[in-house]
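One letter stands for each residue in the lines below.
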Amino acid sequence: EEIAERQRQDEARKKAAAKEQAEAALKAKKEREEAKERQREEESKKKEEQAKARAAEAKARAEAAAKAQKEQEDARERQRAQDANKKDVEANFFGNRDEEVATANNDKAAGPPKGVPVLSKWRKNSDGSISGIISGSPAYVDGDAISTSPLKGEAISGSVV
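Residues numbered from 1 in each chain as written. Predicted model: local features only at pLDDT ≥ 70, side-chain atom pairs only at ≥ 80, totals over all residues. Heavy atoms only, no water.

(A) Seen up close, the overall build of the protein. Along its length, the protein carries one helix and three strands. Along its sequence from the N terminus, the protein presents helices and strands in the succession α-β-β-β. The buried share of the protein, taken over its 161 residues, is 11%. Once local pairs closer than 6 in sequence are excluded, the contacts in the protein between residues at least 24 apart make up 28%. On the protein, roughly 13,500 Å² of surface is accessible, and the fraction owed to carbon and sulfur atoms is 51%. (Helix = DSSP H or I, 4+ residues; strand = E, 2+ residues; numbered from the N terminus. Buried < 20%, exposed > 50% of the residue type's maximum accessible area, 1.4 Å probe, protein only. Contact = heavy atoms within 4.5 Å. Areas by Shrake-Rupley, 256 points an atom, 1.4 Å probe, with all protein chains shown as cover.)

Have a look at this one:
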């Protein structure tokens, strides 16, 4: 009977060991599956963050492109305004602008008396002289660029120099 009892105890120990081993294997398998799930979740979260970063970059690029386009449009508008202002400044020595001058009796453009030169597209230089395009002078070809000697006083549109 003692041998039978030992055999029963050995079998009980073997069953307990097998049961512990099976439980340990099951626990290890469960831990591996949980680790894989955590890894999948981390990868999913990382992909989501990357997608958000790409979307933010695309939005920033779109905003930068829109800003650049707006700046170009603003620059073109400023250039058009400057060009329009330049046309307004082009006046002859009598202050007449071709499109603005009209006689009281009719709508014909009036200019300086015949033989009086006109300087258009003029600008005052740092030395006090004036540079521009001359027309109506017997001494120069119409469209020649000239510079005057330094003026005394101010160069004002409409002044006779």
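That covers the picture; the talk isn't over yet.
(B) Up close: the pattern of salt bridges. Per the stated rule, a full pass over the model turns up seven salt bridges. When the shortest N-O distance is used, the salt bridge between Arg8 and Glu5 registers 2.9 Å. In this pair, Arg8 and Glu5 are both assigned in helix α1 (residues 2–89), three residues apart and thus about one turn of the helix distant. Of the charged contacts in the structure, one is a salt bridge between Lys52 and Glu48, with a shortest N-O distance of 3.7 Å. In this pair, Lys52 and Glu48 both sit in helix α1, four residues apart, roughly one turn of the helix. Lys52 gets classed as exposed once you look at its relative accessible area, which sits at 55%. (Salt bridge = Lys/Arg side-chain N within 4 Å of Asp/Glu carboxyl O.)

(C) Representation of the pairing of strand β1 (residues 118–124) within the structure. Pairing analysis gives five bridges linking β1 to strand β2 (residues 130–135), with the strands arranged antiparallel. Among the inter-strand pairings, Ser120 is bridged to a residue of β2, identified as Ile133. Hairpin connection between β1 and β2: a loop of five residues separates the two successive antiparallel strands, and Gly128 in this loop has a positive phi of roughly 95°. (Pairing = 2+ DSSP bridges.)

(D) Representation of the nonpolar core. Within the largest apolar cluster, six residues are counted, these being Leu119, Trp122, Ile130, Ile134, Ile146 and Ala155. The set of elements that each furnish at least two residues to this core consists of β1 and β2. (Core = buried A, V, L, I, M, F, W, Y, C linked by side-chain atoms within 4.5 Å.)

Geometry only, nothing functional implied.
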